Amino acid sequence: MVDPKETINIENVVASTGIGQELDLQSVAMDLEGADYDPEQFPGLVYRTQDPKSAALIFRSGKIVCTGAKSTDDVHQSLRIVFDKLRDLNIQVDDDPEIVVQNIVTSADLGRTLNLNAIAIGLGLENIEYEPEQFPGLVYRLDDPDVVALLFGSGKLVITGGKEPDDAKEAVDKIVSRLEDLGLLE
Amino acid sequence: RLRKWQERIRTKDAGERNLQFALSEIDRMASALGVPRSVREVASVIYRRALDEDLIRGRSIEGVATSCLYAACRQEGIPRSLEEVSDVSRVEQKEIGRTYRYVAQELKLKMEPVDPKQYVPRFASELELSEEVQSKANEIIDVTAEQGLLSGKSPTGYAAAAIYAASLLCNEKKTQREVADVAQVTEVTIRNRYQEQIEAMGIH
DNA sequence: GCTTTAAAAAGTAAACT
DNA sequence: AGTTTACTTTTTAAAGC
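The structure displayed is predicted, hence computed values, not measured ones.

Calculation rules
- Residues numbered from 1 in each chain as written.
- Chains lettered and ligands numbered in written order.
- Predicted model: local features only at pLDDT ≥ 70, side-chain atom pairs only at ≥ 80, totals over all residues.
- Heavy atoms only, no water.
- Contact = heavy atoms within 4.5 Å.
- Buried area = accessible area lost by both parts, 1.4 Å probe.
- Salt bridge = Lys/Arg side-chain N within 4 Å of Asp/Glu carboxyl O.
- Polar contact = N/O pair within 3.5 Å; in protein donor to acceptor, adjacent residues only side chain to side chain.
- Helix = DSSP H or I, 4+ residues; strand = E, 2+ residues; numbered from the N terminus.
- Nonpolar A, V, L, I, M, F, W, Y, C, P; charged D, E, K, R; others polar.
- Buried < 20%, exposed > 50% of the residue type's maximum accessible area, 1.4 Å probe, protein only.
- Pairing = 2+ DSSP bridges.
- Axes fitted to C-alpha atoms, helices over the stretch in contact; angles between N-to-C directions.
- Phe/Tyr/Trp six-rings, centres within 6.5 Å; stacked < 30°, edge-to-face > 60°.
- 1 Å grid on protein atoms, 1.4 Å probe; cavity = no way out; pocket = protein on both sides within 12 Å on 5 of 7 lines; lining within 4 Å.
- Points joined across faces, edges and corners; volume = space filled by probe spheres on them.

Draft legend 1. The interface of chain A and chain B, seen in detail. Tallying the contact residues gives 16 residues for chain A and 20 residues for chain B. Summed over both partners, the interface of chain A with chain B buries about 1600 Å², with 50% contributed by carbon and sulfur atoms. For Glu131(A), the salt bridge identified is with Arg74(B), shortest N-O distance 2.6 Å. At the surface where chain A touches chain B, the tally comes to 10 residue pairs in polar contact (both at pLDDT 80 or more). Only helix H3 (116-123) and strand E6 (128-129) of chain A provide two or more residues apiece to the side of chain A that touches chain B. Take the side of chain A that touches chain B: its biggest share by element is 3 residues, from H3(A). For the side of chain A that touches chain B, a count of residues per class yields 8 nonpolar, 4 polar and 4 charged.

Rendered as structure tokens:
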């Protein structure tokens, strides 16, 4: 039997940072190739990196959000590219801006199909949200680690809201043991 | 002090008017949906609880009222789909759905997932199908759900497929389009659920 | 509350071929 | 009927309405 923890895959990492300098997004949009900027629609300028693939939201304040990366390393690599692109435009960028990981989205596989109806009752209707008319996944919020799990009938799940990769491992462990205690796995 | 007193009266009046409006809306929508008076009573009780718990702040009165009616139908075992409820409300389906989830969570309503069988009598009678077809549909739902086929699937589509399958098995065939129309799902959904259910039943 | 960005899960739906 | 595209849910930061 495969340990569900070994099926964990990071699908998206969201991080925030700042260059320590205010920006004129209008001119950045003019000079930066591939930049999407529509202040009427959204105050941030969107810049996409190809390798690693990610999207950076650049704001007037100089703060930046990076999303879409598949690892924390990719986040740093993507932001390094963004920082260098801004420097190419003669914009002052701090030497080593602090990068804070805000959210990690992970997927995993329990290796067995799940009876979501039984799990909803077992975990307690007040502790979960399961509305298959609106969404096929059962929403399960954990306190420690502070993450949200989406459980599917296929046995696959999504863990989101974590700040570090280990949050997903802890969450999967707790979910597996709880389902085993309830006799709802296999 | 007179000003404070008047303000209190005004607030009280406004609150009374809002409550009256909400209850009359519940009544109007319940009539349009053709649900019994008991469901309106349950919906009214849920609405008053939501009001007491201050859940209406930042939300529309009609959105909460509609959500309470949706919840009440489910609690009374005669569910109406979000689409059916939104058809008689001026609130959009997505808003009803998220308001319902919020109210159910906050009031700890412990709502159980809808059993597809609860849609069978109404859908089958709209299609003028016999008691025999209904029993067969219920059997299909029970047997296939027991095998885990129901997880994540919408109850209306599941019920619709079972009714379609049962109508074939009992020689009272209805087309996928006819069943799809009363259940408000697409033929594609019926086709997909039907195939799974028939296979799980062992193709009778 | 909304707006935008990314990503997975699985179901449903609509537009085309 | 099959394919593609797109929307549902969750999370998270950013600035502004």
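Draft legend 2. Spotlight on the pattern of salt bridges. Residues and elements named next belong to chain A. Taken as a whole and assessed by the stated rule, the structure comprises 20 salt bridges over all chains. Between Asp36 and Arg48 there is a salt bridge whose closest N-O contact spans 3.2 Å. Remark: Arg48 occurs in strand E2 (residues 45-49) and Asp36 occurs in the loop between helix H1 (25-31) and E2; sequence separation between them is 12 residues. Judged by its relative accessible area of 47%, Arg48 falls in the partly exposed class.

Draft legend 3. Layout of the sheet that holds E2(A). All names here are of chain A. Taken together, 9 strands build an open sheet; the order of strands is E2-E3-E4-E1-E5-E9-E8-E7-E6 and the sheet is antiparallel. Among the strands making up the open sheet, the edge pair consists of E2 and E6. Two strands pair when backbone bridges link them, and E6 and strand E7 (residues 138-141) are joined in this way by 2 bridges, in the antiparallel orientation. Bridge assignment links Glu129 to a residue of E7, and that residue is Val139. Relative to the sheet, helix H2 (residues 72-88) contacts strand E1 (9-18), E2, strand E3 (54-58), strand E4 (63-69) and strand E5 (100-109), its axis offset from that of E4 by approximately 135°. Against the sheet, helix H4 (residues 165-181) touches E1, E5, E7, strand E8 (148-151) and strand E9 (156-162), its axis set at about 130° to E9.

Draft legend 4. Structural view of the packing of aromatic side chains. All names here are of chain B. Using the criterion set out here, one finds 5 aromatic pairs over all chains in the structure. For the ring pair Tyr164 and Tyr194, a centre distance of 5.0 Å and an interplane angle of 70° mean the geometry is edge-to-face. Residue Tyr164 is located in helix H8 (residues 155-169), and its partner Tyr194 is located in helix H10 (residues 187-201); the two are separated by 30 residues in the primary sequence. A relative accessible area of 7% places Tyr164 in the buried class. Note on Tyr194: relative accessible area 17%, which makes it buried.

Draft legend 5. How the structure looks around the side chain of Ser89(B). All names here are of chain B. Its place among the elements puts Ser89 in the loop between helix H4 (82-87) and helix H5 (93-106). Judged by its relative accessible area of 12%, Ser89 is buried. Separated by 3.0 Å, the side chains of Ser89 and Thr66 make a polar contact. Setting aside residues up to four positions removed in sequence, Ser89 forms contacts with Arg28, Met29, Glu62, Thr66 and Ile96.

Draft legend 6. Geometry of the layout of surface pockets. A volume near 230 Å³ is recorded for the largest pocket. Together, 15 residues line the largest pocket, and Leu125(A), Ile128(A), Ala104(B), Gln105(B) and Met111(B) are the ones closest to its centre. When residues of the lining of the largest pocket are traced back to their parent elements, those giving at least two are E6 of chain A together with H5 of chain B. In terms of residue count, the dominant contributor to the lining of the largest pocket is H5(B) (5 residues). For the lining of the largest pocket, the per-class residue count stands at 7 nonpolar, 1 polar and 7 charged. Of the pockets and cavities examined, the second largest pocket occupies roughly 190 Å³. Together, Arg112(A), Thr113(A), Leu114(A), Asn115(A), Gly153(A), Ser154(A), Leu184(A), Glu186(A), Glu146(B), Gln147(B) and Gly148(B) line the second largest pocket. A class-by-class count of the residues in the lining of the second largest pocket yields 2 nonpolar, 6 polar and 3 charged.

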